[in-house]
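Listed below, chain by chain, are the residues.
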Amino acid sequence: MFKPVLFVRDLELFKQITSTDHDVFNMHSEIFPPELDPLWSKNFTDRNEWRNVKTSLTPLFTSHKVKTSFAVIKQFTRNLVNFLMEQVEGERNVMEIREICKRLLCDITTTYIFGVNCDAINNPDSEMYSMAEKSMTFKAARGLVAEFFPKLLKWKGTKMYSEDVRQFFASITRQSIKMHLENNLNSSTVINMLLERYKIEKSRIDDLDGIVLEDIMAHALILVFSGYETVNNTLAALIYELTMHADVQKQLYEEIVKTVNDHDVSYDDIISIGYLDHVVNETIRLHSTNAIIDRRTMKNYVIKAENPDE
């Protein structure tokens with residue numbers, strides 16, 4: 001029933017496993033029976049496929065690509081500031097900051113991945129936002145059941161994503177593919193990278209293979225959800241800590257003002273603010289978003305002894 005697990009607490013060994021020797025520990029544990037939901041399992045059970053897709057998507061996360069995509073982040077943070085100003089002027093004294101952070105992240109991630117702006121900040125009835133929220137709720141609950149009662153899920157034939165969530169994101173993925181191909185968009189979105197990965201041409205829009213569509217949707221969705229809750233929790237915790245520590249908030253504000261100095265803020269400006277980096281790191285230390293990170297070894301691995309008596 002249970003598989004042996006090594007619990008690693010040594011930070012240097014942890015860094016070695018997750019970074020230096022990532023090629024050995026490049027898979028996660030199977031918390032959900034893979035045969036029940038290919039849309040979920042494509043990113044966790046097929047090691048070769050995921051390695052190929054990861055290689056294709058790696059350019060999205062280089063400093064150069066992030067720098068070019070900074071305009072998207074800046075656009076939506078401006079929308080957020082305008083929204084907050086309107087709420088304050090409207091004498092709304094209480095706001096749920098985690099809800100606001102989620103809507104901000106929904107706008108950024110869906111634009112960056114699908115090239116679709118759902119404007120969740122200003123649109124309380126955004127279907128994209130509600131479906132993203134629903135998928136996260138189902139995924140967390142079913143993942144917990146899968147961890148302890150995997151046979152129950154097999155018996156019921158339960159999938160990780162509910163049918164309405166699957167249908168919605170299948171439609172969004174197909175629309176995004178059609179938009180990219182018909183308009184010859186050479187954008188930096190995840191969808192565009194995946195179209196190049198699968199060599200999909202304009203002539204194949206209407207008869208797109210179902211398996212290929214599912215592959216693209218699976219890889220796009222995992223990027224939507226992998227950072228959704230973690231970044232949201234960190235951002236909300238950061239705002240909370242700054243509220244509780246006025247001295248830190250004041251110093252951070254002064255550092256930002258001194259760096260920006262009345263010009264349009266850039267990616268390089270943000271990176272250069274050392275105190276901001278300290279504040280974010282301390283927030284992550286105090287409010288860890290991942291208490292446990294799992295890795296599965298794909299071949300025999302020896303942890304070398306550091307001391308003679310080990």
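Now for a look at the structure at hand. Predicted, not measured: the structure shown is a model, and the values here were computed from it.

What counts, and at which threshold
- Residues numbered from 1 in each chain as written.
- Predicted model: local features only at pLDDT ≥ 70, side-chain atom pairs only at ≥ 80, totals over all residues.
- Heavy atoms only, no water.
- Helix = DSSP H or I, 4+ residues; strand = E, 2+ residues; numbered from the N terminus.
- Buried < 20%, exposed > 50% of the residue type's maximum accessible area, 1.4 Å probe, protein only.
- Contact = heavy atoms within 4.5 Å.
- Salt bridge = Lys/Arg side-chain N within 4 Å of Asp/Glu carboxyl O.
- Core = buried A, V, L, I, M, F, W, Y, C linked by side-chain atoms within 4.5 Å.
- Phe/Tyr/Trp six-rings, centres within 6.5 Å; stacked < 30°, edge-to-face > 60°.
- Axes fitted to C-alpha atoms, helices over the stretch in contact; angles between N-to-C directions.
- Parallel < 35°, antiparallel > 145°, perpendicular 65-115°, else oblique.
- Left-handed = near helix turned anticlockwise from the far one by under 90°.
- Nonpolar A, V, L, I, M, F, W, Y, C, P; charged D, E, K, R; others polar.

### Re the overall build of the chain
Turning to step 1, where the next piece is worked out: When helices and strands are counted, the chain shows 15 helices and zero strands.
Turning to step 2, where the next piece is worked out: Here the chain holds 310 residues, and 37% of them are scored as buried.
Turning to step 3, where the next piece is worked out: Here the contacts in the chain between residues at least 6 apart in sequence split such that 69% fall between residues at least 24 apart.

### Quick notes on the pattern of salt bridges
Turning to step 1, where the next piece is worked out: Using the criterion set out here, one finds nine salt bridges in the structure.
Turning to step 2, where the next piece is worked out: With a closest N to O distance of 2.6 Å, E254 and K250 form a salt bridge. On the criterion of helical spacing, the pair formed by E254 and K250 is a turn pair, its members being four residues apart in helix 13 (residues 246-260).
Turning to step 3, where the next piece is worked out: Under the relative-accessibility criterion, E254 is labelled partly exposed at 41%.
Turning to step 4, where the next piece is worked out: The class for K250 is exposed, based on a relative accessible area of 52%.
Turning to step 5, where the next piece is worked out: Among the salt bridges present, the one from K258 reaches E255, with a minimum N-O distance of 3.9 Å. Taken together, the residues K258 and E255, both in helix 13 and three residues apart, mark about one turn of the helix.
Turning to step 6, where the next piece is worked out: Its relative accessible area of 60% is what places K258 among the exposed residues.
Turning to step 7, where the next piece is worked out: One network of salt bridges, with partners in common, ties together K74, R78 and D264.

### Topic: the nonpolar core
Turning to step 1, where the next piece is worked out: Among the nonpolar cores identified, the biggest contains 42 residues, and F114, F169, I216 and F225 are the most heavily contacted of them.
Turning to step 2, where the next piece is worked out: Counting residues per element, the ones that place at least two in this core are helix 2 (38-41), helix 6 (97-114), helix 7 (127-148), helix 9 (163-182), helix 10 (190-198) and helix 11 (210-226).
Turning to step 3, where the next piece is worked out: Here I216 is in contact with T173, I177, I191, L194, L195, Y198 and I200, once residues within four sequence places are set aside.

### As for the packing of aromatic side chains
Turning to step 1, where the next piece is worked out: Scanning the model with the defined rule gives four aromatic pairs in all.
Turning to step 2, where the next piece is worked out: Here the aromatic rings of F168 and F169 are separated by 5.2 Å at their centres, their planes lie at 85 degrees, and the arrangement is edge-to-face.
Turning to step 3, where the next piece is worked out: On the basis of relative accessible area, F168 is assigned to the buried category, the value being 12%.
Turning to step 4, where the next piece is worked out: For F169, a relative accessible area of 1% corresponds to the buried category.

### A word on the packing of helix 6 against helix 12 (residues 228-244)
For any two helices packed against each other, one specifies the crossing angle of their axes together with the interaxial distance.
Turning to step 1, where the next piece is worked out: The geometry of helix 6 relative to helix 12 is characterised by a closest axis approach of 9 Å and an angle of 135 degrees between their N-to-C directions. With respect to helix 12, the axis of helix 6 lies oblique. For the crossing formed where helix 6 meets helix 12, the hand is right-handed. Contacts from I97, R98, C101, K102, L104, L105 and C106 in helix 6 reach Y228, E229, V231, N232, N233, L235, A236 and I239 in helix 12.
Turning to step 2, where the next piece is worked out: The residue makeup of the contact of helix 6 with helix 12, split by class, is 10 nonpolar, two polar and three charged.

### Some words on the environment of F76
Turning to step 1, where the next piece is worked out: Structurally, F76 is set in helix 5 (residues 70-89).
Turning to step 2, where the next piece is worked out: Measuring from C-alpha to C-alpha, the distance between F76 and N117 comes to 9.8 Å, with 41 residues separating the pair along the chain.
Turning to step 3, where the next piece is worked out: Once residues within four sequence positions are removed from consideration, F76 is found in contact with L104, D107, I108, T111, N117 and I121.

### What about unusual backbone geometry?
Turning to step 1, where the next piece is worked out: Residues other than glycine seldom take positive phi values, yet D119 does so here, at roughly 50 degrees.
Turning to step 2, where the next piece is worked out: If you trace the backbone, D119 turns up in the loop between helix 6 and helix 7.

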